[in-house]
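Residues per chain, in single letters:
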Amino acid sequence: MPAVSAAQQKAAGAALSAKRGETPKSKLKGASKSMVESMTEKQLEELAHTKRKGKPEHRV
(Lines give C-alpha, C1' and ligand atoms only; values in the text may rest on other atoms or scores of the structure.)
Protein backbone atom coordinates (compact mmCIF):
# COMPACT_ATOMS: atom_id res chain seq x y z
CA MET A 1 0.00 0.00 0.00
CA PRO A 2 1.58 3.30 -1.04
CA ALA A 3 1.72 6.36 1.20
CA VAL A 4 -1.00 8.95 0.57
CA SER A 5 0.99 11.92 1.89
CA ALA A 6 4.58 13.00 2.44
CA ALA A 7 3.97 13.09 6.22
CA GLN A 8 2.83 9.45 6.22
CA GLN A 9 5.91 8.48 4.23
CA LYS A 10 8.23 10.28 6.66
CA ALA A 11 6.56 8.65 9.68
CA ALA A 12 6.92 5.23 8.06
CA GLY A 13 10.61 5.90 7.40
CA ALA A 14 11.20 6.83 11.03
CA ALA A 15 9.30 3.74 12.24
CA LEU A 16 11.24 1.52 9.83
CA SER A 17 14.52 2.89 11.14
CA ALA A 18 13.48 2.13 14.73
CA LYS A 19 12.24 -1.36 13.82
CA ARG A 20 15.65 -2.12 12.27
CA GLY A 21 17.43 -0.83 15.38
CA GLU A 22 19.07 2.14 13.65
CA THR A 23 17.16 4.67 15.78
CA PRO A 24 16.04 4.26 19.42
CA LYS A 25 12.27 3.78 19.79
CA SER A 26 12.29 6.42 22.53
CA LYS A 27 13.05 9.09 19.88
CA LEU A 28 9.82 8.40 17.96
CA LYS A 29 6.82 10.74 18.19
CA GLY A 30 3.25 10.72 16.95
CA ALA A 31 2.21 8.32 14.21
CA SER A 32 5.61 6.68 13.84
CA LYS A 33 5.41 5.52 17.46
CA SER A 34 2.24 3.51 16.80
CA MET A 35 3.41 2.40 13.35
CA VAL A 36 6.48 0.63 14.71
CA GLU A 37 4.30 -1.52 16.97
CA SER A 38 1.40 -2.24 14.62
CA MET A 39 3.10 -2.77 11.24
CA THR A 40 5.56 -5.30 9.87
CA GLU A 41 8.91 -4.27 8.43
CA LYS A 42 7.67 -5.13 4.93
CA GLN A 43 4.59 -2.88 5.31
CA LEU A 44 6.72 -0.01 6.61
CA GLU A 45 9.15 -0.47 3.73
CA GLU A 46 6.30 -0.20 1.20
CA LEU A 47 5.07 3.05 2.76
CA ALA A 48 8.53 4.56 3.13
CA HIS A 49 9.61 3.80 -0.46
CA THR A 50 6.65 5.53 -2.12
CA LYS A 51 7.58 8.29 -4.55
CA ARG A 52 6.97 11.73 -3.03
CA LYS A 53 6.35 13.63 -6.25
CA GLY A 54 2.76 14.86 -6.43
CA LYS A 55 1.94 13.90 -2.83
CA PRO A 56 0.45 16.53 -0.50
CA GLU A 57 2.38 17.24 2.70
CA HIS A 58 -0.64 16.23 4.80
CA ARG A 59 -3.75 14.29 3.87
CA VAL A 60 -6.84 16.46 3.80
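Residues numbered from 1 in each chain as written. Predicted model: local features only at pLDDT ≥ 70, side-chain atom pairs only at ≥ 80, totals over all residues. Heavy atoms only, no water.

## Structural notes on the overall build of the protein
Inference 1: Of regular secondary structure, the protein possesses three helices and zero strands.
Inference 2: Along its sequence from the N terminus, the protein presents helices and strands in the succession α-α-α.
Inference 3: Taking 2.2 N^0.38 as the reference for a compact globule, 60 residues should give roughly 10 Å; the C-alpha atoms of the protein span a radius of gyration of 11 Å, in line with that estimate.
Inference 4: By principal-axis analysis of the C-alpha atoms, the protein measures approximately 30 × 20 × 20 Å. (Helix = DSSP H or I, 4+ residues; strand = E, 2+ residues; numbered from the N terminus. Rg over C-alpha atoms; globule rule 2.2 N^0.38 Å.)

## Notes on the packing of helix H1 (residues 6-19) against helix H3 (residues 41-48)
Inference 1: Running from N to C, H1 and H3 cross one another at 145 degrees; their axes reach a closest spacing of 8 Å. Taken as a pair, H1 and H3 cross one another with a handedness that is left-handed. Within the contact between the two elements, H1 uses Gln-8, Gln-9, Ala-12, Gly-13, Ala-15, Leu-16 and Lys-19 and H3 uses Glu-41, Leu-44, Glu-45, Leu-47 and Ala-48.
Inference 2: Here the contact of H1 with H3 is composed, by residue class, of six nonpolar, three polar and three charged. (Axes fitted to C-alpha atoms, helices over the stretch in contact; angles between N-to-C directions. Left-handed = near helix turned anticlockwise from the far one by under 90°. Contact = heavy atoms within 4.5 Å. Nonpolar A, V, L, I, M, F, W, Y, C, P; charged D, E, K, R; others polar.)

Function-wise, these values are silent; they only describe arrangement.
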